[in-house]
Amino acid sequence: MAQNCAGPFLAKTHLCVGEDYGVPTINLDATLAAVYVVRNPLDVAISFAHHSNESIDETIAKMATPNFTSPNRVQHIYETMGSWSQHVASWIGIYSRPVHIMRYEDMLAQPVRTFGALARFLRLKPTEAQLNAAIQKSSFAELQRQENESGFREKPPAAERFFREGTSGQWAKVLSPPQIQEVVRAHAPMMQRFGYLQGDCGGNIAIRRPTSGTS
C-alpha cells in the first residue's frame, strides 16, 4: 500500500503491535505515525458482544485472553488483537513513532477540542467551519443514516447493524456487578491509566495477586 501511494495515507487496523508467527503485525518501516482510539473496556464488552453475536460473558473472557486472535470469516482473515490491556499497551508503548491517543468518550463529549487536537497532530489547519462540518459529517447519526441507506461492507453477517449505539456509559445499565468485576480485575491498571477506574466501577475489587508458592 505504501509503495503504491505517492504520499502519506491513512490505514485502519484492529491489530495490536507485536508479532504473528515471527512477523511484525505492524510494519513500522512503512509507518509515519499513528492515531490510537481507546474506549472504556466496560463499554467495549457490550459493543464487541453485539458485533460478534456472542454473549457478554464470552466477550469479557476473550478481552482478557493474552494474544487473542479473531476468527477467520468469509471476507476477513483473522486478526491478532491480544487482550484489551495488551492491545492498548502495545500501541501506547511505541516510542519510535508519534502516537496520538484519543479517548472515545472525549470524541463524544468534546468533539471540537478532541478533533481539533487531531487536526493539529496531522498538521492540518482547518477553519472553525471546516472542523465543525467534518465533525457533523462523521457523526454517529450520519454514519447510521448512511448504513441504513447503503449498508456497510464491514458489518458481520450475524450483526443487526454495524453502527449500533455510539454512546458511552452503557455498562452502568447493561452489565451485571459480577461482569463489571471481571472486567476491572482483568484491566484495572490500564483502566486507571485512562481514567476509567472510578468509584462505581465494580465497588470493592480485590485484585488477584500471584502466589509465591511457599507456605
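Not measured: the values here are computed from a predicted model.

**Q** In this structure, what is going on with the overall build of the chain? I would like to understand it.
**A** Along its length, the chain carries nine helices and four strands. Going from the N terminus to the C terminus, the chain shows its helices and strands as β-β-β-α-α-α-β-α-α-α-α-α-α. Across the 215 residues of the chain, 31% fall into the buried class.

**Q** Just checking my understanding: could you explain the packing of aromatic side chains for this structure?
**A** The description of two aromatic rings rests on the distance between their centres and on the angle between their planes. Counted according to the given criterion, the structure contains one aromatic pair. Considering the side-chain rings of Tyr36 and Trp91, the 6.1 Å spacing of their centres and the 20° angle between planes classify their relative orientation as stacked. Within this pair, whereas Tyr36 is found in strand β3 (residues 34-38), its partner Trp91 is found in helix α3 (residues 84-92), the two being separated by 55 residues in sequence. Looking at Tyr36, the relative accessible area reads 8%, which means it is buried. Judged by its relative accessible area of 7%, Trp91 falls in the buried class.

**Q** How should I be thinking about α3 in this particular structure?
**A** Two residues of an α-helix separated by three or four positions point the same way, owing to the 3.6 residues in each turn. Taken together, the buried positions of α3 are occupied by Trp84, Ser85, His87, Val88, Ser90 and Trp91. Turning to α3, the residues buried within the fold contact β3, α1 (41-52), α2 (56-63), β4 (99-103) and α9 (177-193).

**Q** Even after reading the chapter, I still don't get the pattern of salt bridges, so can you show me in this structure?
**A** One pass over the structure, following the stated rule, counts three salt bridges. One salt bridge connects Lys62 with Glu54, and the closest N-O pair in it is separated by 2.7 Å. Residue classification places Lys62 among the partly exposed residues on the basis of a relative accessible area of 23%. Judged by its relative accessible area of 28%, Glu54 falls in the partly exposed class. Across the pair Glu182 and Arg185 runs a salt bridge, and its minimum N-O distance is 3.2 Å. Of the two residues, Glu182 and Arg185 both sit in helix α9, three residues apart, roughly one turn of that helix. In this structure Arg185 comes out as partly exposed when scored by relative accessible area, which is 26%.

**Q** It is not clear to me how the side chain of His87 should be interpreted in this structure. Could you clarify?
**A** Here His87 shows up in helix α3. According to the relative accessible area criterion, His87 is buried, its value standing at 14%. Within the structure, His87 has its side chain in polar contact with the backbone oxygen of His14 (distance 2.8 Å). Excluding its chain neighbours within four sequence positions, the residues that come into contact with His87 are His14, Leu15, Cys16, Tyr36 and Met81.

**Q** Can you help me understand a nonpolar patch on the surface in this one?
**A** A contiguous nonpolar surface patch, about 310 Å² in accessible area, is contributed by Val35, Val37, Leu122 and Leu124. Along the chain, Leu124 turns up in the loop between α5 (111-121) and α6 (128-137).

**Q** Before we go on, may I ask you to explain the confidence of the model for the chain in this structure?
**A** Detailed reading of the predicted coordinates is not advisable wherever pLDDT is low. The pLDDT averaged across the chain works out to 84; a share of 80% of its residues lies at or above 70. No element of the chain has a lower mean pLDDT than helix α7 (residues 140-150), at 62, and none a higher one than α3, at 97.

**Q** How should the pairing of β3 be read in this particular structure?
**A** The two faces of a sheet get side chains in turn, since along a regular strand they alternate between them. Because side chains alternate across β3, one face comprises the buried residues Ala34, Tyr36 and Val38, and the other comprises Val35 and Val37, none of which is buried. With five bridges joining them, β3 and β4 adopt parallel strand pairing. Among the inter-strand pairings, Tyr36 is bridged to a residue of β4, identified as Ile101.

Conventions adopted
- Residues numbered from 1 in each chain as written.
- Predicted model: local features only at pLDDT ≥ 70, side-chain atom pairs only at ≥ 80, totals over all residues.
- Heavy atoms only, no water.
- Helix = DSSP H or I, 4+ residues; strand = E, 2+ residues; numbered from the N terminus.
- Buried < 20%, exposed > 50% of the residue type's maximum accessible area, 1.4 Å probe, protein only.
- Phe/Tyr/Trp six-rings, centres within 6.5 Å; stacked < 30°, edge-to-face > 60°.
- Contact = heavy atoms within 4.5 Å.
- Salt bridge = Lys/Arg side-chain N within 4 Å of Asp/Glu carboxyl O.
- Polar contact = N/O pair within 3.5 Å; in protein donor to acceptor, adjacent residues only side chain to side chain.
- Patch = residues over 30% accessible without salt bridge, like charges linked within 9 Å, V, L, I, M, F, W, Y side chains within 5 Å.
- Areas by Shrake-Rupley, 256 points an atom, 1.4 Å probe, with all protein chains shown as cover.
- pLDDT = per-residue confidence, 0-100.
- Pairing = 2+ DSSP bridges.

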